[in-house]
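Residue-level structure breakdown
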Amino acid sequence: MLPHNWRVFKCAAIIFGGLLLLAAGCTSVHQGSEAQPPPPEWSATNNAAQTALTPPKKNPPIVNPRPASTTHLNLPPKQISPPAPILTWTSLDRWATENRLAAPRKVSNSPVASYAVSSPRGKMVLEIGSREAVWNGVEINLGFAPEIIDDQVFVYGLDLQKNLEPLLLGGPLAFGTNRVIVIDPGHGGANVGTHSLVDGRFEKEFTLDWARRVKPLLETNGWKVFLTRTNDSDIALSNRVHFAEAHHADLFISLHFNSAAPDKIQNGLETYCLTPTGMPSTLTRGYSDSWGDRYPNNACDAENLRLAIRLHTALLRASGEEDRGIRRARFMGVLLGQKRPAILIEGGYLSNPHEAEKIENAEFREKLAEAVANALK
Ligand SMILES: [Zn+2]
């Protein structure tokens, strides 16, 4: 048996290179009026790179004190976090017992072993050696792949704190007291976003229409709703953050559509929130991903995840789209400086002919709007 506080010391090498070719995402989410280096080549989800990640035994070094992306993304001033407590790998059995949950049970042997741990709030399925996990049927992404050590499942402490605890142990999602929500239609003006494979119409048009449809539905549910833009204007990412601040928003939701062009196969729905400090992102799209960075929105790590799951689940049901998961990233300029739960939704691929056709259909966009509003009732 392992000693009570057994700690796995890992090789401190941090594998950054493997993250450079991760998949998908709206090609132009962050192409505001600012110039931006071209995105890396699109590729399939790089599971190999993900599973190879290993947490360091202490706070990771700040590899690049000022990422090249900073000015392009209108990032807020970054605070280098104080040394965090050294987190350990923890036995999932022991964690469940300490939190008065039933012992995790093995639910599958192949292709890899997976284990489920449940609470009254739902079920989390963890795959050994994979960062992908499933919460109540929806894909989420861990910081580090769970491991088997001496026949026991071990999970990294930050994943317990930032992924398992908010979902399995957290109370109901609280929305704040003002019931003010800012909806951010992505792009606008000269910043057109991506375009539809069907007829070349721009992403900026579809995001604005989606937001306009969401507004009255949320208002019916008692929300005060503000759109960062109500016409075809180009708003800097930093001004979208300031807008939410000025309106004392309780929640911020940025709406986008995706592209994997020239790939026409990739499809599905993705929802993003900021990566918690100390973890690698699910994807970096070629930007620096310094694990030690702490941004204002990191204060909302737990609520970000729960908000993302709430919206993502509702949108999957309404749209019938494929689940591409809740993803963590550090390069989304509209999220980092937010002092409220904030997420970014990629509502489908305009580069996939079938999905583009759906997105071009007003009835489908109304369904997406209803899903957002229903999720926030
Ligand atoms: Zn976009």
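See the structure shown above.
All chains use their own residue numbering, which begins from 1 and follows the written sequence. The model is predicted, so local features are restricted to residues of pLDDT at least 70 and side-chain atom pairs to those at 80 or more, both for listing and for counting; the totals for chains, interfaces and linings are taken over all residues. Each side-chain value is worked out from all heavy atoms of the structure, with water and hydrogens disregarded.

1. Remarks on the overall build of the chain
Within the chain, the secondary structure is distributed over 10 helices and 16 strands. For the chain, with 377 residues in total, the buried portion stands at 56%. Element-wise, carbon and sulfur atoms account for 54% of the exposed surface of the chain, whose accessible area totals about 15200 Å². Helix and strand assignments come from DSSP, with helices taken as H or I runs of at least 4 residues and strands as E runs of at least 2, each series counted from the N terminus. Each residue's exposure class comes from its accessible area (1.4 Å probe, protein chains only) as a fraction of the maximum for that residue type: buried when under 20%, exposed when over 50%, partly exposed otherwise. Here the open area of atoms and residues is found with the Shrake-Rupley method and a 1.4 Å probe, where only the protein chains shown may cover a residue.

2. Considering helix α4 (residues 157–169)
The end-to-end C-alpha distance of α4 is 15 Å, clearly below the 18 Å that 13 residues give at a rise of 1.5 Å each. For a residue, the bend is simply the angle between two axes, fitted respectively to the seven-residue segment ending there and the seven-residue segment starting there. Where α4 bends most, at N163, the angle is about 35°, and the proline P166 comes one to four residues later. G157, L158, D159, L160, N163, L164, P166, L167 and L168 are the residues of α4 that are buried. By this rule the span expected of a helix is its residue count minus one, scaled by 1.5 Å.

3. Describing the environment of V192
Mapped onto the secondary structure, V192 falls in the loop between β10 (180–185) and α5 (203–220). Taking the C-alpha atoms as reference, V192 lies 9.2 Å from D232; in sequence the two are 40 residues apart. By definition, residues are in contact when any of their heavy atoms lie within 4.5 Å. Among all residues touching V192, those that are not within four sequence positions of it are H187, F202, E203 and K204.

4. A short note on the nonpolar core
Nonpolar side chains in soluble globular proteins tend to end up buried together. By nonpolar core we mean a set of buried residues, namely Ala, Val, Leu, Ile, Met, Phe, Trp, Tyr and Cys, connected to one another through side-chain atoms within 4.5 Å. Counting 61 residues, the largest nonpolar core has M124, L164, I183, W210 and L376 as the members making the most contacts within it. In terms of residue count, the dominant contributor to this core is helix α7 (residues 301–319) (eight residues). For I183, the residues in contact, after removing those within four places along its chain, are A211, V214, L218, V225, F226, L227, T228, I253 and L255.

5. Looking at the pattern of salt bridges
One speaks of a salt bridge when a side-chain nitrogen belonging to Lys or Arg is within 4 Å of a carboxyl oxygen belonging to Asp or Glu. Summed over the entire model, instances satisfying the criterion amount to 15 salt bridges. Across the salt bridge formed by R365 and D209, the nearest N and O atoms sit 2.6 Å from each other. Of this pair, R365 sits in helix α10 (residues 362–375) while D209 sits in helix α5, and the two are 156 residues apart along the sequence. Given the relative accessible area of 6%, R365 is considered buried.

6. Things to note about the layout of surface pockets
Taken as a whole, the largest pocket encloses approximately 380 Å³ of empty space. Here the term cavity refers to a set of points on a 1 Å grid, laid over the protein atoms alone, in which a 1.4 Å probe fits but cannot get out; the term pocket refers to an open set having protein on both sides within 12 Å along at least five of seven lines, with lining residues being those that place an atom within 4 Å of a point. For the largest pocket, the lining is made up of 17 residues, of which R121, W135, R306, I309 and R310 are closest to its centre. Of all the secondary structure elements, the ones that give two or more residues to the lining of the largest pocket are α4, α7 and α10. The element best represented in the lining of the largest pocket is α7, accounting for six residues. Grid points are joined across faces, edges and corners, and a volume is the space filled by probe spheres set on the points.

7. Comments concerning the packing of helix α9 (residues 353–360) against α10
Relative to each other, α9 and α10 sit at 80°, their axes nearing to 5 Å. Classified by the interaxial angle, the pair formed by α9 and α10 is roughly perpendicular. Between α9, through K358, I359 and E360, and α10, the contact on the second element is made entirely by A362, F364 and R365. To get an axis, fit a line to the C-alpha atoms, keeping to the stretch in contact for a helix; angles then go from 0 to 180 degrees between the N-to-C directions. Angles are sorted into four bins: roughly parallel if under 35 degrees, roughly antiparallel if over 145, roughly perpendicular if 65 to 115, and oblique for all others.

8. Here's the deal with the side chain of S196
Within the element layout of this structure, S196 appears in the loop between β10 and α5. Owing to a relative accessible area of 1%, S196 belongs among the buried residues under this scheme. Pairing of N or O atoms within 3.5 Å defines a polar contact, subject to two protein rules: one partner must be a possible hydrogen donor and the other a possible acceptor, and residues neighboring in sequence count only if both atoms are side-chain atoms. In terms of polar contacts, S196 uses its side chain to reach the backbone amide nitrogen of V198, at 3.0 Å. A polar contact is formed between the side chain of S196 and the side chain of E360, at a distance of 2.6 Å. With sequence-adjacent residues up to four places away left out, S196 is seen in contact with R201, F206, L350, A356 and E360.

9. As for helix α6 (residues 237–246)
Here α6 has its buried residues at L237, R240, V241 and A244. For α6, the buried positions fall inside an angular range of 100° around the axis, keeping them on one side. Looking one or two residues beyond α6, the residue adopting positive phi is H248, at roughly 50°. Here the arc refers to the directions that run from the helix axis out to each C-beta atom.

10. Re the sheet that holds strand β9 (residues 152–156)
Following DSSP output, two strands are said to pair if at least two bridges run between them. Sheet architecture is open: three strands sit in the order β2-β9-β8, paired in antiparallel fashion. Pairing within the sheet leaves two strands with one partner each, and these edge strands are β2 (89–91) and β8 (147–149). The sheet shows a mean angle of 45° between the axes of neighbouring strands, direction not considered. Where β8 and β9 come together, three bridges link them in antiparallel fashion. Within the sheet, the bridge partner assigned to E147 lies in β9 and is F154. Its contacts with the sheet put α4 on β2 and β9, and the angle it makes with β9 is roughly 75°.

11. Topic: the sheet that holds strand β7 (residues 138–141)
Strand order across the open sheet formed by five strands is β3-β4-β5-β6-β7, with antiparallel pairing between neighbours. Pairing within the sheet leaves two strands with one partner each, and these edge strands are β3 (105–108) and β7. Within the sheet, the average angular offset between the axes of one strand and its neighbour, ignoring direction, is 35°. Bridge analysis of β3 against strand β4 (residues 114–119) gives three bridges, and the strand direction is antiparallel. Paired with S108 across the bridge in β4 is S114. α4 rests against β4, β5 (122–127), β6 (132–135) and β7 of the sheet, and its axis sits at about 155° to β5.

12. Describing the pairing of β4
Taking burial as the measure, the six residues of β4 include five buried ones, the bulk of the element. Joining the antiparallel neighbours β3 and β4 is a turn of five residues. What sits between β4 and β5 in their antiparallel hairpin is a turn of two residues.

By themselves, these figures tell us nothing about what the structure is for.
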